[in-house]
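Chain and residue survey
Here is what each chain is made of, one letter per residue.
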Amino acid sequence: MDRSSRDADFSEFAAAAHSRLRSTAYLLCGDWERASDHVQEGLIRVYVAWPRLVRRGGELAYARKAVVSAFLDASRKRSSTERPSEVDSERPSGEDVAAQVSDRAVLMAALARLPERQRACVVLRYFEDLDVRDTAVALRCSEGTVKSQTSRALASLRSMFESASRDELAVIGEGSLPW
Amino acid sequence: MVNDLKQLLRDNVSSPPGDGIDLGEVLASGRRRVRRRRGVVGLGAVVAAATVAVVAVGLPGLGSDRAGPAAQRPRPDAPTIRLSDAQRASVGRDYEVLATYTNRDLDAANGQYFDGVTDDGLILFQDGPRDGTRLRTRLALMDPATGTKDWLPDAGLGQDNIRPVQLGRHRIVLLSDNGTAEHWTAYTFDRETRSWSTTDWPGLPRTVELDGAQLGPDGRLYVRSLVRAGEIPDGGWPKQEDGDAEDADAQGDGYHLWSVSLSDGSDVRDEQLSVGAIAFTDDAMLWTDRADGDAGRVHVRDLATGTEHSFDPHLGARCNVLGFTASGDRIVMSEYCGTYGKVRDDRLQILTTSGDQVVTIQDDGVAGGVGADSDVVVADGYRQGDDSGTYLYDLRTNRLLHIAHRMSHWSVGGPTRRNEFFWHTPVNGGRGATWWLGKLLD
């Protein structure tokens, strides 16, 4: 595969996939600018692996994993330098949020309070609609870990919705929380 | 009323702000990251004697056992060929010569060397240290087409050994052992400002070794510290007929992996990984359990996702893995697998990063490897006879080519661009050497 062919094929893929990837990244990090950074880094990694991906297929799944990995890598870097507190004191509490903003904003605030891997489980399972196995592959962990992390995440989300006096949080079609 | 989690997630991304992703920058960064891989450290001796020779060889099950002790050698668990299966390379058909340089008498004084090729095609040219350079190493960038040399400002390298780490369009990075083998310095030349800077890593353990250092696709330098040396049998290694030690089936050495920034001396990272030999491709890190002995398993980590897998490389029962290199989805392992009578069982085993056997070149006296981002495996046939000299194995076409029948006593080499390679031949009765830079033709 020569470079021009590689670039053309990759560009076509990136143009088609980047909006979806950016949405996933936004749900992971809660910031559109940082989401763009994660997608950019993820796509660079995809470009490097492109000849192999084309031979084997699965470009989108690989790109999704690359973006999640870029997000987790960035989280580790920040945690090693910034040492953020468990809860951002500048961030409105659940009650404040409840009084001021919509349910979807409550969800973003609640997601931000989850540990990164729990948040990733929620996003991959319920936004990307990955099953437990594919989520485990994307996060490089066991299926049991995905189940336990997801269960804890959903319990925390439900608790935060209750604290914010919002209606119950559920996954329609999959029964009520917790799982 | 209930809030549907899935719907809320979708609602939150239903009206994204303008897209800040620069696809052009993605492409440019991707290309840079691919190119960066060419800067390999520690491959010098392996790539050093690249020679082009061309011979088309169909793959599986080739080669015929020769009579005598060679027939006693175990047959590799892979499609196998011999150096005698190679075809002689032809200039103009199989390869072209890009540059040459001759030192008439290296026995009398140190000379000039090719140390690698930059991303923009210039040869890193080293002069000295010798009396004529006041015992200081001088460096230049040489245009291979004209031989014109652009001499770089003095880097203060003195007489220390250097190895090119990265030969980029914008910067050149060399590693120096400072003559101590315990304290390294990275010398970085900014090609735009034409200035040198240095980086040391005081936080690195003093047990870290320069040999085997590898530049990762992330731009960090990966180095190993010895944790466990392979044990020598009680009473020492058995002796061969010629008195040499027979150390086939050695236990192998175990290392701990570290990485460092090439620009920030305080950035030293414990990778918390036990390794033997390590290598990188554009998108993967590969390592064995042990080095210079029984390698154990080969491990592959996808650098984009972190996914890992490992496999049994199916080494011979007595094989010591002495060289471990990789490019694309190919791994090249240079092995010594014992001596039978007076015939060595040396192997160049080529396999995929999934563990599939591609081909093994088995012969008496062969060693080699592949440069990062290259399709050319360069092999030295170092036994005297018709099969001596430099060979190329083309990973794209599975051709084995014999490019030169003799090698000098010195070495040449460093990173090259894709499908380029170095080799060297003797002159002046073996007292001097000619360096060659060639390019394999499609």
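Below you will find a few notes about this structure. Remember, it's a predicted structure, so these values are computed and weren't measured experimentally.

**Regarding the overall build of chain B**
A tally of helices and strands in chain B yields three helices and 30 strands. By the burial criterion, 57% of the 442 residues in chain B qualify as buried. Intrachain contacts of chain B at a sequence separation of at least 6 include 52% that bridge at least 24 residues. A total of about 17900 Å² of accessible surface is found on chain B, and carbon and sulfur atoms cover 45% of it.

**Quick look at the state of the cysteines**
Residues and elements named next belong to chain B. Going through the model one piece at a time under the given rule, you end up with one disulfide over all chains. A sulfur-sulfur distance of 2.0 Å marks the disulfide that ties Cys 319 to Cys 337. Torsion about the S-S bond of the Cys 319 and Cys 337 cystine: about 105°, corresponding to right-handed handedness. Of the two residues, Cys 319 is situated in the loop between strand 20 (308-311) and strand 21 (320-327) and Cys 337 in strand 22 (residues 330-340); the sequence distance between them amounts to 18 residues. Take Cys 319 and Cys 337: they sit in the same class, and that class is buried.

**Quick notes on the pattern of salt bridges**
Close approach of charged atoms allows side chains of opposite charge to pair. Inspection of every chain in the model, using the stated rule, returns 25 salt bridges over all chains. Asp 134 of chain A serves as the salt-bridge partner of Arg 133 of chain A, at 3.7 Å between the closest nitrogen and oxygen. For Glu 308 of chain B, the salt bridge identified is with Arg 301 of chain B, shortest N-O distance 2.7 Å. Assessed through its relative accessible area of 42%, Glu 308 of chain B is described here as partly exposed. The class of Arg 301 of chain B is partly exposed, set by a relative accessible area of 21%.

**Describing unusual backbone geometry**
Residue and element names in this part refer to chain B. The step from Gly 128 to Pro 129 runs through a cis peptide bond, and the omega angle for that step is 5°. On the secondary structure map, Pro 129 appears in the loop between strand 6 (123-127) and strand 7 (138-142). With a phi angle near 60°, Asp 249 is a residue other than glycine that sits in the positive phi range. Among the structural elements, Asp 249 can be located in the loop between strand 14 (221-228) and strand 15 (254-260). On the basis of relative accessible area, Asp 249 is assigned to the partly exposed category, the value being 41%. Positive phi, normally seen in glycine, also occurs at Asp 292, with a value near 55°. On the secondary structure map, Asp 292 appears in the loop between strand 18 (284-288) and strand 19 (298-302). Residue Asp 292 is classed as partly exposed on the basis of its relative accessible area of 39%.

**Things to note about the sheet that holds strand 20 of chain B**
Residues and elements named next belong to chain B. Pairing within the open sheet is antiparallel, and its four strands lie in the order 17-18-19-20. The open sheet terminates on both sides in strands that have one partner only, identified here as strand 17 (278-280) and strand 20. Within this sheet the neighbouring strands show an average axis-to-axis angle of 20°, counted without direction. In the sheet, strand 19 pairs with strand 20 via four bridges, with the strands oriented antiparallel. Pairing of Arg 301 across the sheet is with Glu 308, part of strand 20.

**Some points on the packing of helix 5 (residues 103-113) of chain A against helix 8 (residues 143-163) of chain A**
Residue and element names in this part refer to chain A. Direction vectors running N to C along helix 5 and helix 8 enclose 130°, while the axes themselves pass 10 Å from each other. Considering their axes alone, helix 5 and helix 8 lie oblique with respect to each other. The way helix 5 lies across helix 8 gives a crossing that is right-handed. The segment helix 5 lies against helix 8, with Asp 103, Val 106, Leu 107, Ala 110, Leu 111 and Arg 113 engaging Leu 157, Met 160 and Phe 161. A class-by-class count of the residues in the contact of helix 5 with helix 8 yields seven nonpolar, no polar and two charged.

**Looking at helix 1 (residues 5-12) of chain B**
All names here are of chain B. Within the span of helix 1, buried status applies to Leu 5, Lys 6, Leu 8, Leu 9 and Asn 12. Looking down the long axis of helix 1, one finds its buried residues gathered within 165° of arc, a one-sided arrangement. Sitting at the amino-terminal end of helix 1 is Asp 4, which places a side-chain oxygen 3.2 Å from the backbone nitrogen of Lys 6.

**Some remarks on the interface of chain A and chain B**
If you look at the interface, chain A gives 52 residues, while chain B gives 41 residues. For the pair chain A and chain B, the summed buried area comes to about 4100 Å², and 61% of that belongs to carbon and sulfur atoms. Connecting chain A to chain B are one salt bridge. One salt bridge connects Asp 129 of chain A with Lys 6 of chain B, and the closest N-O pair in it is separated by 3.4 Å. One can count 13 residue pairs in polar contact (both at pLDDT 80 or more) joining chain A with chain B. For the side of chain A that touches chain B, the secondary structure elements donating two or more residues are helix 1 (3-29), helix 2 (32-56), helix 3 (59-81), helix 5, helix 6 (116-126), helix 8 and strand 1 (168-170) of chain A. Of the residues forming the side of chain A that touches chain B, the biggest block, 14 residues, is contributed by helix 2 of chain A.

Conventions used here
Residues numbered from 1 in each chain as written. Chains lettered and ligands numbered in written order. Predicted model: local features only at pLDDT ≥ 70, side-chain atom pairs only at ≥ 80, totals over all residues. Heavy atoms only, no water. Helix = DSSP H or I, 4+ residues; strand = E, 2+ residues; numbered from the N terminus. Buried < 20%, exposed > 50% of the residue type's maximum accessible area, 1.4 Å probe, protein only. Contact = heavy atoms within 4.5 Å. Areas by Shrake-Rupley, 256 points an atom, 1.4 Å probe, with all protein chains shown as cover. Disulfide = S-S within 2.5 Å. Salt bridge = Lys/Arg side-chain N within 4 Å of Asp/Glu carboxyl O. Pairing = 2+ DSSP bridges. Axes fitted to C-alpha atoms, helices over the stretch in contact; angles between N-to-C directions. Parallel < 35°, antiparallel > 145°, perpendicular 65-115°, else oblique. Left-handed = near helix turned anticlockwise from the far one by under 90°. Nonpolar A, V, L, I, M, F, W, Y, C, P; charged D, E, K, R; others polar. Arc of directions from axis to C-beta. Polar contact = N/O pair within 3.5 Å; in protein donor to acceptor, adjacent residues only side chain to side chain. Buried area = accessible area lost by both parts, 1.4 Å probe.

Shape is all these values report; function is a separate question.
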